Number of protein chains: 2
Amino acid sequence: MQVAVMLQTARPCQDFATPQPRTVLLDVKRVQVTCQTCKLQNLCLSEGLDAEAKSHIDELVTARIRLRKGDTLFRTGIPFTSLYAIRSGSCKTVSLSENGHDQVAGYHMPGEIIGTDGVGTDAHACQAVALEDTEVCVLPFERLAALSRQNRQVQHNLHRLLSREIARERVLMLLLGTMHAEQRLAVFLLDLSQRYQVLGYSSCEFVLRMTREEIGSYLGLTLETVSRVFSRFQREGLVQVQGRVVKLLDRASVKRLVDSSD
Amino acid sequence: MQVAVMLQTARPCQDFATPQPRTVLLDVKRVQVTCQTCKLQNLCLSEGLDAEAKSHIDELVTARIRLRKGDTLFRTGIPFTSLYAIRSGSCKTVSLSENGHDQVAGYHMPGEIIGTDGVGTDAHACQAVALEDTEVCVLPFERLAALSRQNRQVQHNLHRLLSREIARERVLMLLLGTMHAEQRLAVFLLDLSQRYQVLGYSSCEFVLRMTREEIGSYLGLTLETVSRVFSRFQREGLVQVQGRVVKLLDRASVKRLVDSSD
DNA sequence: CGACTAGTTGAGGCCAGTCAATGTTGGTGG
DNA sequence: CCACCAACATTGACTGGCCTCAACTAGTCG
């Protein structure tokens, strides 16, 4: 519900997006939607801040970027300057290893902030790619750091942001290190469900923005295994899958899969 | 070399350690070794700081804790109050999942700072256990945060500390998600080798502080597989293994294993 | 329409897990 | 000092889950 509103208030900016180059910086004066009116404000850096601190965060957002599906927001090795808050759409982050392997490290939805891998270093350590048409707010990190020196609440939220990323990756490590294919996909689906719910969407029916291959990469599986497990879940009545549309039919059983110790 | 010196300067504190309780807080006045004289200073939070900032960090360390092998520094769910810098010895951090599985999330050596999983939250998200007799410096986080509000350099180092943890976990995710048993152990050995070298130890010969089971848990393998791969590496002349003593004989071949794309 | 991408399904093989037996090490008490 | 025990480690036989390779279908776009 609230997200639908947000999408509409964001619409006017669309006019300023030009096809070439694909990433377009918008002047702050043109931006009609502020953090104050953004329905996602409580999901990201502003959570729990008082009005004054919120307005400071607001001033921080000097630009927004519109991405088309497939566009790269930042790539491995480019200088780190900003964090990015997703306003609408979704992104994946991809880690690259020296031996040519890559892996989807995260799947990010509105209200989430990405780019934390570059904090405190000179360059981004991964790549961020839009999975659909996506709009992000640019948070220049130097200014955010300055603000967090002035305001304890902002500092605390920044710390929490970074530690949440650490905690998120811990969960993934546990998944990759100890879980079977069925459990991995079950965790994936429950996680998505819960996050869609937070955004005000249905927690039972949603559309995947990733391909089977991307899901597989994220979960440490091949695309064939992902497909097979989806089919198995469907056969057993746990979910209904039609391409990228997923309906969670029996959440309890899916949870039980995750909780079982082997 | 330098670590040996550090171990000796740390010795006098031993007198204050009593068997019960196993974790003993030392009054700052009793602590004879300051960060200023600590040979590890450039490895942790003080890296690159000017003299003034360093002395601030120094004042931060109000206590040290001595741990016996097997002692727990903090456990999942206890309130987060401090970060801990390892002065000597080593620790593992362990993630616990709801389904009873646990996993070694990290292996930490002198100069490293642990506890970052609790930053910005109320409680620690994992458990830290000493793998041998270990001494850590307590860094009260509230005071560190206050210091980082006053001093940009300190703030930067704190940010870098957190983002390094994020980056470290990304590497592990890549390992767990895309690599074979041989590659995982190869990465593990090269990582250890490199970190021992930084500490001034031999990069070719070192003693593992973890059991096969702990290594397996860390790498997402069973203890039997770890043992078998060690044996295979030995048979092929890559390393010489005798229990926990490891000699890297053919580093180039070990590297080649990691770099090969499958 | 053909070319392309995404997804499903099957056959077969291999890597790593499981189970089990045995060897090795280190600490403890008589 | 040695016997004993528990924890750690090694090795083998077997199994099975997931990967690989491949064929086929459905949907999309120029």
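Everything quoted here is computed from the prediction, not taken from an experiment.

Colleague: Is there a simple way to think about the overall build of chain A in this case?
Modeller: A count of helices and strands for chain A gives 8 helices and 12 strands. Across chain A, the fraction of contacts at a sequence separation of at least 24, relative to all contacts at a separation of at least 6, is 73%. With the model as given, the accessible surface of chain A reaches about 11500 Å², and the carbon-plus-sulfur share is 51%.

Colleague: Is there a simple way to explain the sheet that holds strand β5 (residues 91-96) of chain A in this structure?
Modeller: In a beta sheet, neighbouring strands are held together by backbone hydrogen bonds and run either parallel or antiparallel to one another. All names here are of chain A. With antiparallel pairing, the 4 strands of this open sheet are ordered in space as β3-β8-β5-β6. If you trace the sheet from one side to the other, it starts and ends with β3 (72-74) and β6 (102-108), each paired once. In this sheet, neighbouring strand axes are inclined to one another by 30° on average, regardless of whether the strands run parallel or antiparallel. Bridge count for β5 against β6 is 6 bridges, and the pairing is antiparallel. Along β6, the bridge assignment pairs Cys91 with His108. Sheet strands in contact with helix α6 (residues 212-219) are β5 and β6, and its direction is about 100° off that of β6.

Colleague: Please explain the nonpolar core as it appears in this structure.
Modeller: Side chains of a nonpolar character, in soluble globular proteins, are inclined to be buried together. In this structure, Phe188 of chain A together with Phe188 of chain B are the most contacted members of the largest nonpolar core, which totals 75 residues. The residues touching Phe188 of chain B, leaving out its near neighbours within four places in the chain, are Leu208, Met210, Ile215, Tyr218 and Leu219 of chain B. In terms of nonpolar packing, the next biggest core, distinct from the first, is built from 44 residues, Phe141 of chain A together with Phe80, Leu147 and Leu161 of chain B among them.

Colleague: Where do I start with the protein's contact with DNA strand D in this structure?
Modeller: Close to DNA strand D lie 16 residues; Ala181 and Thr225 of chain A together with Arg212, Ser227 and Ser231 of chain B are nearest. Of what DNA strand D places within 4 Å of the protein, 63% of the atoms are sugar or phosphate. Between Thr222 of chain A and DNA strand D, the recorded distance is 3.0 Å, taken from a side-chain N or O atom to a phosphate oxygen. At the level of elements, α7 (223-235) of chain A together with α7 (223-235) of chain B are the ones that each hand at least two residues to the surface near DNA strand D. The dominant element in the surface near DNA strand D, judged by the number of residues it contributes, is α7 of chain B, at 5 residues.

Colleague: Looking at this structure, how should I read the domain arrangement of chain A?
Modeller: Residues and elements named next belong to chain A. Under the domain assignment used here, chain A contains domain 1 (24-173) and domain 2 (181-259). A straight line from the C-alpha centre of domain 1 to that of domain 2 covers 26 Å. At the interface, 18 residues of domain 1 touch 10 residues of domain 2. Counting the surface domain 1 buries against domain 2, the share from its top three residues, Val104, Tyr107 and Met109, is 46%. Remark: the boundary between domain 1 and domain 2 carries 3 salt bridges. We note a salt bridge from Lys92 to Glu214, for which the minimum N-O separation is 2.8 Å.

Colleague: Got a minute to help me understand the packing of aromatic side chains in this structure?
Modeller: The relation between two aromatic rings is expressed through the spacing of the ring centres and the mutual angle of the planes. All told, the structure shown has 10 aromatic pairs over all chains when counted by the stated rule. With a centroid separation of 5.2 Å and an interplanar angle of 25°, the aromatic rings of Tyr196 of chain B and Phe206 of chain B are classed as stacked. Highlighted residues: Tyr196 of chain B in helix α5 (residues 181-198) and Phe206 of chain B in strand β10 (residues 205-207), separated in sequence by 10 residues. Accessibility classification places Tyr196 of chain B together with Phe206 of chain B in one group, the buried group. Among the aromatic residues, ring-to-ring pairing joins Tyr196, Tyr201 and Phe206 of chain A into one connected group.

Colleague: Help me out: how do you make sense of the protein's contact with DNA strand C in this one?
Modeller: Taken together, 16 residues lie near DNA strand C, and Ser227, Arg228 and Ser231 of chain A together with Ala181 and Thr225 of chain B sit nearest. With respect to DNA strand C, the side chain of Arg212 of chain A contributes an N or O atom lying 2.8 Å from a phosphate oxygen. At a separation of 3.1 Å, a phosphate oxygen of DNA strand C approaches a polar side-chain atom of Thr222 of chain B. Looking at the surface near DNA strand C element by element, the count peaks at 5 residues for α7 of chain A. Classifying every residue of the surface near DNA strand C by side-chain character gives 3 nonpolar, 7 polar and 6 charged.

Colleague: Whenever I open this one, the pattern of salt bridges confuses me. Can you help?
Modeller: Residue and element names in this part refer to chain A. The full count for this structure, using the stated rule, is 28 salt bridges over all chains. Measuring nitrogen to oxygen at the nearest pair gives 3.2 Å for the salt bridge that ties Arg209 to Glu132. Placement of the pair is Arg209 in the loop between β10 (205-207) and α6 and Glu132 in the loop between β8 (127-130) and β9 (134-140), with a sequence separation of 77 residues. Of the residues examined, Arg209 reaches a relative accessible area of 34% and is grouped as partly exposed.

Colleague: Sorry, what's going on with the interface of chain A and chain B here?
Modeller: Accessible area lost when the parts come together is the quantity often used to give the size of an interface. Listed as interface residues are 46 residues of chain A and, on the opposing side, 46 residues of chain B. Roughly 4200 Å² is buried in total at the junction of chain A and chain B, and carbon and sulfur atoms are behind 56% of that figure. Sorting the residues of chain A by area buried against chain B places Arg149, Arg170 and Met173 of chain A first, and these three jointly supply 18% of that buried surface. Inspection of the chain A/chain B interface yields 6 salt bridges. Measuring nitrogen to oxygen at the nearest pair gives 3.2 Å for the salt bridge that ties Glu142 of chain B to Arg152 of chain A. Joining chain A to chain B, the criterion identifies 20 residue pairs in polar contact (both at pLDDT 80 or more). Elements with a contribution of two residues or more to the side of chain A that touches chain B: β5, β6, α3 (141-150), α4 (152-178) and α8 (251-259) of chain A.

Colleague: Can you walk me through the pairing of strand β12 (residues 245-248) of chain B in this structure?
Modeller: On a regular strand, each side chain points to the face opposite its neighbour's, so the side chains alternate between the two faces of the sheet. Residues and elements named next belong to chain B. Residues Val246 and Leu248 line the buried face of β12, whereas the alternating positions Val245 and Lys247 sit on a face that is not buried. Where β10 lies against β12, 3 bridges are found, and the strand directions are antiparallel. The partner of Glu205 across the bridge, within β12, is Lys247.

Colleague: Looking at this model, I keep getting lost on the sheet that holds strand β11 (residues 239-242) of chain B. Mind explaining?
Modeller: Residue and element names in this part refer to chain B. Strand order across the open sheet formed by 3 strands is β10-β12-β11, with antiparallel pairing between neighbours. Because the sheet does not close on itself, it has two edges, and the strands there are β10 and β11. Going across the sheet, the axis of each strand differs from the next one's by a mean of 15°, ignoring polarity. The pairing of β11 with β12 spans 4 bridges and is antiparallel. Across the sheet, Gln240 pairs through a bridge with Lys247, a residue of β12.

What counts as what
Residues numbered from 1 in each chain as written. Chains lettered and ligands numbered in written order. Predicted model: local features only at pLDDT ≥ 70, side-chain atom pairs only at ≥ 80, totals over all residues. Heavy atoms only, no water. Helix = DSSP H or I, 4+ residues; strand = E, 2+ residues; numbered from the N terminus. Contact = heavy atoms within 4.5 Å. Areas by Shrake-Rupley, 256 points an atom, 1.4 Å probe, with all protein chains shown as cover. Pairing = 2+ DSSP bridges. Axes fitted to C-alpha atoms, helices over the stretch in contact; angles between N-to-C directions. Core = buried A, V, L, I, M, F, W, Y, C linked by side-chain atoms within 4.5 Å. Buried < 20%, exposed > 50% of the residue type's maximum accessible area, 1.4 Å probe, protein only. Near = heavy atom within 4 Å. Polar contact = N/O pair within 3.5 Å; in protein donor to acceptor, adjacent residues only side chain to side chain. Domains from an automatic or database assignment. Buried area = accessible area lost by both parts, 1.4 Å probe. Salt bridge = Lys/Arg side-chain N within 4 Å of Asp/Glu carboxyl O. Phe/Tyr/Trp six-rings, centres within 6.5 Å; stacked < 30°, edge-to-face > 60°. Nonpolar A, V, L, I, M, F, W, Y, C, P; charged D, E, K, R; others polar.

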